[in-house]
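Geometric and topological summary
Next come the chains, spelled out residue by residue.
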2 protein chains.
Amino acid sequence: MSHNLDHQFDRAIQLSGDAGRYTGATTVEYANMVGPFGGVLASTLLSAVLKHPECQGEPVALTVNFAAPVTDGEFDITAVPVRTSRSTQHWTMSLMQNREVAMTATAIFALRRKTWEATDSDMPQVQGPDDLVALPEVMPIPKLFSNYDIRMVRGNIAPLPQAEAYAKDSSESVLWVRDKPTRVLDFPSLTAMADIFFPRIFVRRQRPAAAGTISLTIHFHADSRALAAVGDSFVLGHARAKRFYNGYADQTGEVWSKDGVLLATTSQTVYFKE
Amino acid sequence: MSHNLDHQFDRAIQLSGDAGRYTGATTVEYANMVGPFGGVLASTLLSAVLKHPECQGEPVALTVNFAAPVTDGEFDITAVPVRTSRSTQHWTMSLMQNREVAMTATAIFALRRKTWEATDSDMPQVQGPDDLVALPEVMPIPKLFSNYDIRMVRGNIAPLPQAEAYAKDSSESVLWVRDKPTRVLDFPSLTAMADIFFPRIFVRRQRPAAAGTISLTIHFHADSRALAAVGDSFVLGHARAKRFYNGYADQTGEVWSKDGVLLATTSQTVYFKE
C-alpha cells in the first residue's frame, strides 16, 4: 500500500511504527462536532492491519467499537493477527490513549477466489451527482465535511440548506459522496465514507440531539480491483435506522458505485439522547 | 441470571469458572452439519459476559467472529471488561480450543434510559405460525433444528418439504421460530435465533454448497423486560443477502415479536464455495 501524503486523508490515517505497534495522531481537518471523525479512526485501525507485514488478503469484515471518546492528539494502535488459515486471517485491534483503551476492533481479511456472483438489493434510482448542488460548508456542519463533496438526494437535516431534501417522518438518507480533493477509492476511504451519514436521529426528528456511534460494522463486497475501477468517482450512500429505542438506534446502510456495484453494507449502533 | 438446566439450550451455553475465565463444552443436541451450531457458540460468548461479576447493563451490540472451526468437546472462554463508563461497558471475548483462538468477539452493554422511540422498518405481513405446518425433522437438516419449532413462510431450500415456500431467484427467507420445548426468550436465545437461517447461498441457488458464517453482528433493540414480554411465543425472522461476490456474501436480517416489536437487527459475512 503506497501512501500519497499530499492528500489530507492519507495524512489523517498515517501511522509510524511496525509489526503491529503503531502511533498516530488526530488531524484538525477531520474534526467532528466533538473530537475526531469516527470514520477516519475506523480507517486508521484498518490501515494498521493493511500495513502489518503479516497481512494476508483483503478486508471482508470490520467491526470498530468506540469505547471512550478519542481526544485530539496522539494515540497508540495495536493490531494482532490472532488466526490465519489458508483463505482467511482474523485480526484484533485496539486504540489506546493515556494508557486506556478508547477503541476495540476486529477485522477479517480473505483471499477471494472467483465464484458465481449476484446482487439481491436495489440501488436507489436517483438523480446523478452532476444534477445536484454540493452541500455547502456552513455551520453547523462539522469541519470534517470540508473533506467531502456531498450531493444530498434526500434525508437532509433541518438547519442545513436544500430544504427539498428533508425527510418527513423517515430516517432515510441518500447521498453522493467523494473525497475533496478527489482521491482514488480504496479500503480506508471506503471505510470512512461508510460512516459519513449524519446520525439518523437528526434526520428522523429534524432537530439536533446528542448522538454518537458506539459500534460500526462494515461488510466489504468488493476487492481492490473493483475499488480501483471506481477511481475517484462519486459513490452513492444509502442509510436508514430501523429502530430507535431507549437511547440506542441502529444505522443500516449500503455504499454503491455509480455503475451499480454494491461495494459495502454497513450497520451501526448509535447512542442518542433525547 | 438463573439457568434452568432442564432445557437443553441452558445446558448448551452452561459455563463453569468465574471472573472472566470459563470452561464450556459443545453438546450433541446442537450439532450442525460440521461441528456445533454457531448461534449457540455466539450465545455462549454473550453468556460469559452476562455471568461476569462486573457485568453492567444489558447487551446492545455483539460481534462474533469464527476464526477457526470449533470441534466437538471442551473450550475455554475469556471475557474482559475493557472499558466501563457511566452508561456503557465494552467487552472483548475469545474462545480457545487446544490453546489456539477459535473465536473472537466484542460486546457492548448499556444501561438504557427511557427515551423517544420509533420503528422505521416494516414487519413482513405474513400468515401466523398456527396457519403453517412445522418444518419436519428430516435429513438433510442438521440436528440443531430439532431444538426449534420453525414455520417457514418463504425462502425454503429445495431438498426440504414445503415446496410452496421455495424462493425464486431471491435470497430472502421469512420464518417463525421458537425453542422446542418452549423457553422464555432472553438475550442468549435471541442471539441463537438471529443465526437460525440457512446460509443464503442455499436459498438463492436452491442447491447445497459449502458455506459458513465467519462474522456475525447483532444489534439488540429490546431490553430484558421487552424480551420477557415475548415469553415463549414465536418470533418472526427475516433474512436476505444483498450481495454474493467471490466467495463471500452478507446476510442481513431482523427478528420481530408477534406484536410487531423489532427485537434485533443482524448482519453476517458468510463464506461460500461454488
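Before reading on, note that the structure itself is shown above.
Residues numbered from 1 in each chain as written. Chains lettered and ligands numbered in written order. Predicted model: local features only at pLDDT ≥ 70, side-chain atom pairs only at ≥ 80, totals over all residues. Heavy atoms only, no water.

**Details of the overall build of chain A**
- What chain A contains, in helices and strands, is five helices and 14 strands.
- Computed over the C-alpha atoms, the radius of gyration of chain A is 18 Å, within 12% of the 19 Å expected from 2.2 N^0.38 for a compact globule of 274 residues.
- Dimensions of chain A, computed from the C-alpha atoms along their principal axes, are close to 50 × 45 × 40 Å.
- Residue burial in chain A is summarised as follows: out of 274 residues, 59% are buried.
- Intrachain contacts of chain A at a sequence separation of at least 6 include 68% that bridge at least 24 residues.
- With an accessible surface of roughly 10700 Å², chain A has 49% of that area assigned to carbon and sulfur atoms.
- Positive and negative side-chain charges in chain A, numbering 26 and 29 respectively, have mean positions lying 4 Å apart. (Helix = DSSP H or I, 4+ residues; strand = E, 2+ residues; numbered from the N terminus. Rg over C-alpha atoms; globule rule 2.2 N^0.38 Å. Buried < 20%, exposed > 50% of the residue type's maximum accessible area, 1.4 Å probe, protein only. Contact = heavy atoms within 4.5 Å. Areas by Shrake-Rupley, 256 points an atom, 1.4 Å probe, with all protein chains shown as cover. Lys, Arg positive; Asp, Glu negative; His and termini not counted. Charge placed at Lys NZ, Arg CZ, Asp CG, Glu CD.)

**Some words on the interface of chain A and chain B**
- Taken together, the contact pairs 64 residues of chain A with 63 residues of chain B.
- Buried area between chain A and chain B, summed over both chains or domains, comes out near 5600 Å², and the portion from carbon and sulfur atoms is 53%.
- Between the two partners, chain A and chain B, sit eight salt bridges.
- When the shortest N-O distance is used, the salt bridge between glutamate 100 of chain A and arginine 83 of chain B registers 3.4 Å.
- The interface formed by chain A and chain B holds 41 residue pairs in polar contact (both at pLDDT 80 or more) in total.
- No other element matches the seven residues that strand E6 (residues 100-110) of chain A contributes to the side of chain A that touches chain B.
- Pairing analysis gives two bridges linking strand E12 (residues 243-245) of chain A to strand E7 (residues 118-119) of chain B, with the strands arranged antiparallel. (Buried area = accessible area lost by both parts, 1.4 Å probe. Salt bridge = Lys/Arg side-chain N within 4 Å of Asp/Glu carboxyl O. Polar contact = N/O pair within 3.5 Å; in protein donor to acceptor, adjacent residues only side chain to side chain. Pairing = 2+ DSSP bridges.)

**Some words on empty space enclosed by the protein**
- Here the structure, examined in full by the defined rule, presents eight cavities of 30 Å³ or more.
- Its volume calculated, the largest cavity comes out at about 120 Å³.
- Lining the largest cavity are 16 residues, and of these Thr252, Thr266 and Ser267 of chain A together with Thr252 and Ser267 of chain B lie nearest its centre.
- Of all the secondary structure elements, the ones that give two or more residues to the lining of the largest cavity are strand E10 (210-220), strand E13 (248-257) and strand E14 (262-273) of chain A together with strand E10 (210-220), strand E13 (248-257) and strand E14 (262-273) of chain B.
- For the lining of the largest cavity, the residue count by class is no nonpolar, 14 polar and two charged. (1 Å grid on protein atoms, 1.4 Å probe; cavity = no way out; pocket = protein on both sides within 12 Å on 5 of 7 lines; lining within 4 Å. Points joined across faces, edges and corners; volume = space filled by probe spheres on them. Nonpolar A, V, L, I, M, F, W, Y, C, P; charged D, E, K, R; others polar.)

**Some details on the environment of alanine 211 of chain A**
- Relative to the helices and strands, alanine 211 of chain A is located in strand E10.
- Linking alanine 211 of chain A and phenylalanine 198 of chain A, residues 13 residues apart in sequence, is a C-alpha distance of 9.6 Å.

**Focus on the relation of the copies chain A and chain B**
- Structural alignment of chain A on chain B gives an RMSD of 0.0 Å, achieved by rotating through 180° and translating 0.0 Å along the axis. Such a turn and shift between the copies fits a two-fold axis.
- With an isologous cut-off of 70% or more, the 98% of interface residues of chain A that recur at the interface of chain B puts this contact in the isologous class. (Least-squares fit on C-alpha atoms with pLDDT ≥ 70 in both.)

**A few points about the environment of alanine 228 of chain A**
- Note on placement: alanine 228 of chain A falls in helix H5 (residues 224-230).
- For the pair alanine 228 of chain A and leucine 185 of chain A, spaced 43 residues apart in sequence, the C-alpha separation works out to 6.3 Å.

**As for the packing of aromatic side chains**
Residue and element names in this part refer to chain A.
- The full count for this structure, using the stated rule, is 16 aromatic pairs over all chains.
- Taking the centre distance of 6.5 Å and the plane angle of 80° together, the rings of phenylalanine 37 and tyrosine 148 count as edge-to-face. In this pair, phenylalanine 37 is assigned in the loop between strand E2 (21-25) and helix H2 (38-50) and tyrosine 148 in strand E8 (residues 148-154), connecting sequence segments 111 residues apart.
- When its relative accessible area of 4% is taken as the criterion, phenylalanine 37 is described as buried.
- According to the relative accessible area criterion, tyrosine 148 is buried, its value standing at 2%.
- Seen from their ring centres, phenylalanine 244 and phenylalanine 272 are 6.0 Å apart, and the 80° between their planes marks the pair as edge-to-face. With a gap of 28 residues between them, phenylalanine 244 in strand E12 and phenylalanine 272 in strand E14 connect regions that are remote in the sequence. Of the two residues, phenylalanine 244 and phenylalanine 272, both sit in the buried class.
- Of the aromatic side chains, those joined through ring pairs into one cluster are Phe9, Tyr30, Phe37 and Tyr148. (Phe/Tyr/Trp six-rings, centres within 6.5 Å; stacked < 30°, edge-to-face > 60°.)

**A closer look at the pairing of strand E11 (residues 235-240) of chain A**
- The buried count for E11 of chain A comes to six of six residues, which makes it a mostly enclosed element.
- Residue alternation in E11 of chain A divides its side chains into two sets, Val235, Gly237 and Ala239 of chain A and Leu236, His238 and Arg240 of chain A, and both sets are buried.

**Notes on the pattern of salt bridges**
Residues and elements named next belong to chain A.
- Counted according to the given criterion, the structure contains 24 salt bridges over all chains.
- Between arginine 204 and aspartate 169 there is a salt bridge, with the nearest N and O atoms lying 3.9 Å from each other. Separated by 35 residues along the polypeptide, arginine 204 in helix H4 (residues 200-205) and aspartate 169 in the loop between E8 and strand E9 (173-179) bring together distant segments of the chain.
- Its relative accessible area of 17% is what places arginine 204 among the buried residues.
- A residue is classified by how much of its surface remains accessible, and aspartate 169, at 63% relative accessible area, is exposed.
- Each of Asp10, Arg183 and Asp186 takes part in one network of salt bridges that share partners.

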